[in-house]
Amino acid sequence: MRDGCSGMILIACPKGRQKPFLNDIKTLKNKFPNHVFLAAAPRYDGRDQSRMKALSRLAQKANTPLVAVGDVLMHRAQRRQLADVVTCMRDHIRIDEIGTRALANAERRLKSASDMARLFRDCPSAILRTQEIADRCRFDLAELSYEYPDEIGKGELPQARLERLARAGMKCRYPNGAPDRAHALMKKELSLVRDLGFSAYFLTVHDIVQFARSQGILCQGRGSAANSILCYLLGITDVSPDMITMVFERFVSKYRGEPPDIDVDFEHERREEVIQWIYKKYGRHRAGLCATVIRFRTRSAIREVSKVMGLSQDVAAGLSSQIWGMSNGGVDLDRIREFGLDPTDRRLMQTIRLIGEIIGFPRHLSQHVGGFIITKGRLDELSPIANAAMEDRTVIEWDKDDIDALGILKIDVLGLGMLSCIRKAFALMRNHTGIDLNIANVPQEDIATYDMLCKADAVGVFQVESRAQMNFLPRMKPRTFYDLVIEVAIVRPGPIQGGMVQPYVKRRQGLEKVSYPSEALRDVLGKTLGVPLFQEQAMQIAVVAAGFTPEEADRLRRSLASFRRMGTIGVFQERFIQGMLDNGYAPEFAAQCFSQIEGFADYGFPESHAAAFAMLAYVSAWLKCHHPAVFACALLNSQPMGFYAPAQIVRDAREHRVEVRPICINHSDWDNTLEKCPDGSLALRLGFRQIKGLKEEDAGWIIAARGNGYRDPQTVWLRAGVAPAVLERLAQADAFADMGMTRRAALWDVKAIRSKTPLPLFNDPIDGEAICEPQVNLPAMHLGEEVVEDYVAARLSLRAHPMEMLRSNIPDLTTHNRLAKIPLGRYSVCGLVITRQRPGTASGVIFLTLEDETGVSNVVVWPKIYEQFRRAVMGARLLKVTGRIQREGIVVHLIAEIIVDMSAKLTELGHPMDDAIQTEGARTDDTPKKTRYPARAMHPREQAKRLFPSRDFH
């Protein structure tokens, strides 16, 4: 403290013995005169008067002025109990153990000036001194000095280098000569970048992208960066001016005077290489990730507060099990009785109240997903730098909003799973077909690809694989790339809430005439049939129809982004409508335009962002259409990502006539691979990565020692040196089947191996450490048991679907593949729940996707039905749904009326360990017993969740 604190003010709070404290204060007072003060804070314990006198004497001895402080912990007295709960969380104790750490009263709160004057009436100078210190501590964020790196390379100034790279990019992007519009855009942008001094920023992003591509890492700029031809010429984005209407003011504005924000997506598996390169190039003293504030949501609030209040884990799990997604709504009191809880229990109700109070409360500081701050000088002179929880990551303490407020340049280095998938698909094609592709040279406007999308055959396809997108594809019938741009953008909260979807669909299907209120707006809305769908169009309408300047239009866009939070859009409403009236537009049309633009306040998609995503959507769709085996293999090797679990990806591949081969000890690699079939097609071989709990390192040893193949589990153990536990996982996954061994036989052999690793003196199979067991006739597993074990070991089964065996025990069911053909009416279906969605724009409607042995069905659950069958909808893995069929073209929905949780039926499939799947849950008065199989022993519903997990989106 004695070094490096010049200019700072110390307010010392005396605790403990006074003599050592007095010596330290005197020393600091002598070194920093007029900068050291003694704090006086009331404790409200009946001894404040004597304590204040003692502090006054101490201040005189130390020659240190006394200053009044509130010792504040909360903004109002009602937060006292919550403050005690937070104390318990910090100290990892229950509320019954808090003891003297609890607040004695509620006085450690913010107080008014009159309250403080009353408390310190015997020492008025201490009150005056607080104002003196506050006056001395005035600080403006503008005083922070931030400089971006020069990016001077080999003596070449940043602007000169940027112009050179832009001209080179123009020749590369337009080998036959660039159009005049492209030259004009480049000249305009270079001039603005020079005036604003952002050339070094563009060069930084260019260098990062070039490094990634030099390492074979796929990347693509997105968001507003695609509104810049400079980003296109520098290779940051592949969205050309021919694809979209570029609005550079959406990206960089002289009026805003703030830095652009370029987001670059990298392969999610290799993004860390890029991050470490940035640290290496600029040094950790000049580069760091910005932070993000993690706040309590309902689930985390229930978990933490329940622990503090002494509620059991079962009760906490029950309360949180009915919370949908990332909800901030607290605990629903109507659900308490469903769990057998007593709503009159005082502690329980107090817990629920505290849960509601802590929601939204900051929990901890975490790292941003990829926002990098880079400085010319030392970053730690601007903000403290700390080590992140992740290895080799360092972060600053400011979050994204702080960075924006300070006008600091930020580069978003983001991860995107589909880029990993596409890169792996290109590598597989190169190795197995000799075709060398990249994103730029994938054949464009392919008819077969669009035909596939029109049939909603889009499992795994980027951005259009959700239920809402797959339902919209047959209505949209995309036939061009720009159709995909609209498809990506239109199924979003902004267009939906702005009432733009139905008018566009009707016009596209010829049910409504396409009209434009003026020729000027025809140029703006022509590509979207007269309906505004993009943020850029909202800006252009403001300019063309309402007379806004480009800078004013950008302010309108920014107000749209903060409308719900700040309520700033009303400032523009009168100006916008009056401007349209002055230009001759009807009042009704002006009001309608502004209402549609308001729809973007929730989530208006930029055209540039949609174009960047549409490009990846098209590439992934082309791969799925023409190389389904390659696409499925790459998709599995890039998990976890996307909407669907491996079981659904494999099912979809088989429906596209791809042969899928099981995991095999003698043929599988870590990744899923492709193998040639006799007819020249490619088969998909499942890899060791699909086995739960198997490490890549162990798989590497097995592959390296395989040679001409293994003949039995003991040979694997002797050659590869892996532990028996690894062999057991392989046996559970039926990886020894090609040796002629059943799953049980392989497990029997593995259990005979006692030592973790073979010893070199005893590695002869004849005289080794394995016990030579006599041949035994093990009972054969029936199909249901095999399927369950497949799911337990690998999360999928190639043998059969569970519904294939359960159907005969569940009467009056209709198979999913018949729903598109049978007459409209009331039917019952049953299947595994593979996805649940509750979009924020759907007014509480829930969409379920069920899967049986014939395909999938789409179930719509209205809010009233959801409230009636809430537990089944949220928690079941096997559902029986009775409802009425609704069809629109090839899109089929079952409107749910009755929903039954059939998860317990999954136990009828059988299991090799009888007590691994309990047939009933423990009663509340049961004494917990130590189970033989603690990882598996659970209620059938919980067992089903483990075996057949769904993917839930909210």
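Given the structure is predicted, the values throughout are model-derived calculations rather than measurements.

## Topic: the overall build of the protein
When its secondary structure is counted, the protein shows 39 helices and 19 strands. Within the span of the protein, comprising 954 residues, buried residues form 53% of the whole. Total accessible area on the protein is roughly 45400 Å²; 51% of this is exposed by carbon and sulfur atoms.

## Brief notes about the confidence of the model for the protein
Averaged over the protein, the pLDDT score is 82; the fraction of residues at 70 or greater is 85%. Between residues 765-770, whose pLDDT stays under 50, and residues either more than four places distant or in other chains, the model counts 15 contacts. Within the model, pLDDT remains below 50 along residues 912-941, and this stretch shows 42 contacts once partners closer than five positions in the same chain are excluded.

## Focus on empty space enclosed by the protein
As enumerated under the stated definition, the model contains 5 cavities of 30 Å³ or more in all. Taken as a whole, the largest cavity encloses approximately 70 Å³ of empty space. At the level of secondary structure, the elements contributing two or more residues to the lining of the largest cavity comprise α29 (628-637) and α30 (646-655). With 4 residues, the top contributor of residues to the lining of the largest cavity is α29. Here the residues of the lining of the largest cavity are counted per class, giving 7 nonpolar, 1 polar and 2 charged.

## Observations concerning the sheet that holds strand β12 (residues 673-676)
The strand order β11-β13-β12 describes an open sheet built from 3 strands, whose pairing is mixed. Among the strands making up the open sheet, the edge pair consists of β11 (660-661) and β12. Contacts from α29 reach β12 and β13 (682-685), with the element oriented near 20 degrees to β13.

## Let's talk about a nonpolar patch on the surface
Residues Trp-748, Val-776 and Leu-778 make up a contiguous nonpolar surface patch of about 230 Å² in total accessible area. With respect to the helices and strands, Val-776 occurs in the loop between α34 (743-751) and α35 (783-794). Using a relative accessible area of 34% as the deciding quantity, one classes Val-776 as partly exposed.

## Let's talk about the pairing of strand β18 (residues 891-901)
Where strand β16 (residues 855-861) and β18 come together, 2 bridges link them in parallel fashion. Each residue of the ladder has a partner; that of Val-859, found in β18, is Leu-894. As paired elements, strand β17 (residues 878-888) and β18 share 10 bridges and run antiparallel to each other. The residue of β18 that forms the bridge with Arg-887 is Val-892. Hairpin geometry of β17 and β18 is characterised by an intervening segment of 2 residues between the two adjacent antiparallel strands and by a positive phi of about 65 degrees at Gly-889.

## Here we look at helix α2 (residues 48-62)
The terminal C-alpha atoms of α2 lie 21 Å apart, and with 15 residues this matches the ideal 21 Å at 1.5 Å per residue to within 8%. When we look at burial in α2, the residues that qualify are Asp-48, Arg-51, Met-52, Leu-55, Leu-58, Ala-59 and Ala-62. Considered in projection along α2, the buried side chains sweep an arc of 120 degrees and stay on one side of the axis. Those residues of α2 that are exposed and angled more than 90 degrees off the buried face are Gln-49, Lys-53, Gln-60 and Lys-61. A positive phi of about 55 degrees marks Asn-63, the residue just after α2.

## Some details on the sheet that holds strand β6 (residues 287-295)
Sheet strands line up and pair through hydrogen bonds in the backbone, either parallel or antiparallel. Strand order across the open sheet formed by 7 strands is β4-β5-β10-β7-β6-β9-β8, with mixed pairing between neighbours. Two strands close off the open sheet at either side, each with one partner strand: β4 (219-222) and β8 (385-387). Each adjacent strand pair in this sheet contributes to an overall mean axis angle of 45 degrees, direction not counted. Bridge count between strand β5 (residues 262-267) and strand β10 (residues 410-416): 6 bridges; the pairing is parallel. By the bridge assignment for β10, Asp-263 is matched with Asp-412. In the packing of helix α10 (residues 271-282) onto the sheet, contacts are made with β5, β6, β7 (362-374), β9 (394-399) and β10, and the angle to β7 comes to roughly 70 degrees.

## Description of the nonpolar core
By size, the foremost hydrophobic cluster in this structure holds 119 residues, and its most contacted members are Leu-453, Phe-688, Ile-702, Leu-730 and Phe-736. Per-element tally for this core: the top contributor is helix α28 (residues 607-626), with 12 residues. Ile-208, Leu-230, Val-274 and Ala-287 belong to the second-largest nonpolar core, a separate cluster that totals 49 residues.

## Things to note about the pairing of β10
In terms of burial, β10 is largely enclosed, as 6 of its 7 residues are buried. Note that β7 and β10 share 3 bridges and pair antiparallel. Along β10, the bridge assignment pairs Phe-372 with Ile-411.

## A few points about α29
Counting buried residues in α29 gives 9 out of 10 residues, a clear majority hidden from the surface. Along α29, the residues classified as buried are Ala-629, Val-630, Phe-631, Ala-632, Cys-633, Ala-634, Leu-635, Leu-636 and Asn-637. Elements in contact with the buried residues of α29: α15 (417-432), α28, α30, β12 and β13.

## Notes on the packing of aromatic side chains
By the definition in use, this model includes 11 aromatic pairs. On the numbers, 5.2 Å between centres and 70 degrees between planes, the contact of Tyr-279 with Phe-372 is edge-to-face. Here Tyr-279, found in helix α10, pairs with Phe-372, found in strand β7; they are 93 residues apart in sequence, far enough to count as distant. The exposure class assigned to Phe-372 is buried, which follows from its relative accessible area of 1%. Residues Phe-643 and Tyr-644 carry aromatic rings whose centres are separated by 6.0 Å and whose planes lie at 50 degrees to one another, so their mutual orientation is tilted.

## Regarding the side chain of Arg-507
With respect to the element layout, Arg-507 can be found in helix α20 (residues 501-508). Once residues lying within four places of it in the same chain are set aside, the contact partners of Arg-507 are Glu-512, Lys-513, Val-514, Ser-515, Leu-529, Gly-530 and Val-531.

## Things to note about a positive patch on the surface
A surface patch of like charges, here positive, comprises Lys-26, Lys-53, Arg-57 and Lys-61. Looking at which element gives the most residues to the positive patch, the answer is α2, with 3 residues. Summarising the element assignment, Lys-53 is placed in helix α2. Look at Lys-53 and you get exposed, because its relative accessible area is 51%.

## What about the packing of helix α18 (residues 481-490) against α28?
For the pair α18 and α28, the least separation of the axes is 8 Å and the interaxial angle reads 115 degrees. Relative to α28, the element α18 is oriented roughly perpendicular. Pair α18 / α28 crosses with right-handed handedness. Facing Phe-481, Tyr-482, Leu-484, Val-485, Val-488 and Ala-489 of α18, the residues of α28 in contact are Glu-607, Ala-610, Ala-611, Phe-613, Ala-614, Met-615 and Tyr-618. Split into classes, the residues belonging to the contact of α18 with α28 amount to 12 nonpolar, no polar and 1 charged.

## A closer look at the side chain of Thr-87
By secondary structure assignment, the location of Thr-87 is in helix α3 (residues 80-91). The class of Thr-87 is buried, set by a relative accessible area of 11%. Those residues within four positions of Thr-87 in sequence are excluded, and the remaining contacts are Ile-98 and Arg-101.

## Regarding the packing of helix α8 (residues 199-214) against α10
With their axes 10 Å apart at the nearest point, α8 and α10 run at an angle of 125 degrees to one another. For the element pair α8 / α10, the angle class is oblique. Relative to α10, α8 is oriented so that their crossing is right-handed. Along the contact surface, α8 presents Thr-204, Asp-207, Ile-208, Phe-211 and Ala-212, while α10 presents Glu-273, Val-274, Trp-277, Ile-278, Lys-281 and Tyr-282. Of the residues contributing to the contact of α8 with α10, the split by class is 7 nonpolar, 1 polar and 3 charged.

Criteria and thresholds
Residues numbered from 1 in each chain as written. Predicted model: local features only at pLDDT ≥ 70, side-chain atom pairs only at ≥ 80, totals over all residues. Heavy atoms only, no water. Helix = DSSP H or I, 4+ residues; strand = E, 2+ residues; numbered from the N terminus. Buried < 20%, exposed > 50% of the residue type's maximum accessible area, 1.4 Å probe, protein only. Areas by Shrake-Rupley, 256 points an atom, 1.4 Å probe, with all protein chains shown as cover. pLDDT = per-residue confidence, 0-100. Contact = heavy atoms within 4.5 Å. 1 Å grid on protein atoms, 1.4 Å probe; cavity = no way out; pocket = protein on both sides within 12 Å on 5 of 7 lines; lining within 4 Å. Points joined across faces, edges and corners; volume = space filled by probe spheres on them. Nonpolar A, V, L, I, M, F, W, Y, C, P; charged D, E, K, R; others polar. Pairing = 2+ DSSP bridges. Axes fitted to C-alpha atoms, helices over the stretch in contact; angles between N-to-C directions. Patch = residues over 30% accessible without salt bridge, like charges linked within 9 Å, V, L, I, M, F, W, Y side chains within 5 Å. Salt bridge = Lys/Arg side-chain N within 4 Å of Asp/Glu carboxyl O. Expected span 1.5 Å × (residues − 1). Arc of directions from axis to C-beta. Core = buried A, V, L, I, M, F, W, Y, C linked by side-chain atoms within 4.5 Å. Phe/Tyr/Trp six-rings, centres within 6.5 Å; stacked < 30°, edge-to-face > 60°. Lys, Arg positive; Asp, Glu negative; His and termini not counted. Charge placed at Lys NZ, Arg CZ, Asp CG, Glu CD. Parallel < 35°, antiparallel > 145°, perpendicular 65-115°, else oblique. Left-handed = near helix turned anticlockwise from the far one by under 90°.

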